[in-house]
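Take a look at the letters that make up each chain.
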Amino acid sequence: MATPEFIRTLRASAGHQLLWLPGVTAIVFDDAGRVLLGRRSDTGQWSVIGGIPEPGEQPAACAVREVHEETAVHCAVERVVLVQALEPVTYGNGDVCQYMDITFRCRATGGEARVNDDESLEVGWYAVDALPDLNDFALFRIKQAMSDAPTWFDPMTSG
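Since the model is a prediction, treat every value here as computed from it, not as a measurement.

Definitions and cut-offs
Residues numbered from 1 in each chain as written. Predicted model: local features only at pLDDT ≥ 70, side-chain atom pairs only at ≥ 80, totals over all residues. Heavy atoms only, no water. Helix = DSSP H or I, 4+ residues; strand = E, 2+ residues; numbered from the N terminus. Rg over C-alpha atoms; globule rule 2.2 N^0.38 Å. Buried < 20%, exposed > 50% of the residue type's maximum accessible area, 1.4 Å probe, protein only. Salt bridge = Lys/Arg side-chain N within 4 Å of Asp/Glu carboxyl O. Core = buried A, V, L, I, M, F, W, Y, C linked by side-chain atoms within 4.5 Å. Contact = heavy atoms within 4.5 Å. Pairing = 2+ DSSP bridges.

Chemist: I keep staring at the overall build of the protein and nothing clicks. Help me out?
Modeler: Counting its regular elements, the protein contains 3 helices and 9 strands. When its helices and strands are written in sequence order, the protein yields α-β-β-β-β-α-β-β-β-β-α-β. Scaling as 2.2 N^0.38, a compact globule of 159 residues should have a C-alpha radius of gyration of about 15 Å, and the protein matches this with 16 Å. Expressed along its principal axes, the backbone C-alpha trace of the protein runs to roughly 45 × 45 × 30 Å. Counting all 159 residues of the protein, 38% fall into the buried class.

Rendered as structure tokens:
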């Protein structure tokens, strides 16, 4: 994932310390029920599409923008699937981030899936019963997006 300019500016004064950041994930389905995936250039792994909203950008608008920027597919957001605080991540350069992920179920409305930026090596549509190797993060979000269950969130713990 390319680092947005506003984060580079923050890092200039914050150093490597933990940054709490918004993140969005878009689970995009086409009319055949296939899911849109990208093989990431930073890890080489297949994944769902996502990114970081720019300051002031609405999360759903970010999801639509990220899908188009990475895959050239146009989509419409249908609903919020999941809201989850993720575990902190330490990047190779020592930067530490923790993301609040909002996952959206989206419907493809146009465009042809193709690599549209330098964040992906490949993009494509996959039947949900024939997915490439995906991590638990992606699989859980696809499962939740296929469900008509209410928005998933980590239950509150009493304390």
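Chemist: How do you make sense of the pattern of salt bridges when you look at a structure like this?
Modeler: It is possible for side chains of opposite charge to pair when their charged atoms get near one another. One pass over the full model with this rule turns up 11 salt bridges. With a shortest N-O distance of 3.4 Å, Asp95 and Arg11 are connected by a salt bridge. A residue pair is termed long-range when its members are at least 10 positions apart, and Asp95 in the loop between strand 6 (89–90) and strand 7 (96–110) and Arg11 in helix 1 (residues 5–14) qualify at 84 residues. Here Asp30 makes a salt bridge to Arg34, at a shortest N to O gap of 2.6 Å. On the basis of relative accessibility, which here comes to 14%, the residue Asp30 falls in the buried class. Through salt bridges with shared partners, a single ionic network connects Glu57, Arg65, Glu66 and Glu69.

Chemist: Please clarify how the nonpolar core should be interpreted in this entry.
Modeler: Nonpolar side chains tend toward joint burial in soluble globular proteins. Ranked by internal contacts, the top residues of the largest apolar core, which has 13 residues, are Ala26, Val28, Val67 and Cys106. Elements that contribute at least two residues to this core include exactly strand 1 (19–29), helix 2 (59–71) and strand 7. In contact with Ala26, other than residues within four places in its own chain, are Val48, Ile49, Ala63, Val67, Phe104 and Cys106. With 12 residues, the next largest nonpolar core counts Leu37, Val48, Ile142 and Ala145 among its residues.

Chemist: Got a minute to help me understand the environment of Leu139 in this structure?
Modeler: Relative to the helices and strands, Leu139 resides in helix 3 (residues 136–146). Owing to a relative accessible area of 37%, Leu139 belongs among the partly exposed residues under this scheme. Separated by 92 residues in the primary sequence, Leu139 and Ser47 place their C-alpha atoms 9.0 Å from one another.

Chemist: Any chance you could explain the pairing of strand 1 here in plain terms?
Modeler: Each regular strand displays side chains that alternate between the two surfaces of the sheet. Along strand 1, 9 of the 11 residues are buried, which leaves the element largely enclosed by surrounding structure. Bridge count between strand 1 and strand 7: 11 bridges; the pairing is parallel. Pairing of Thr25 across the sheet is with Thr103, part of strand 7. Note: strand 1 against strand 4 (residues 49–51), 3 bridges, orientation antiparallel.

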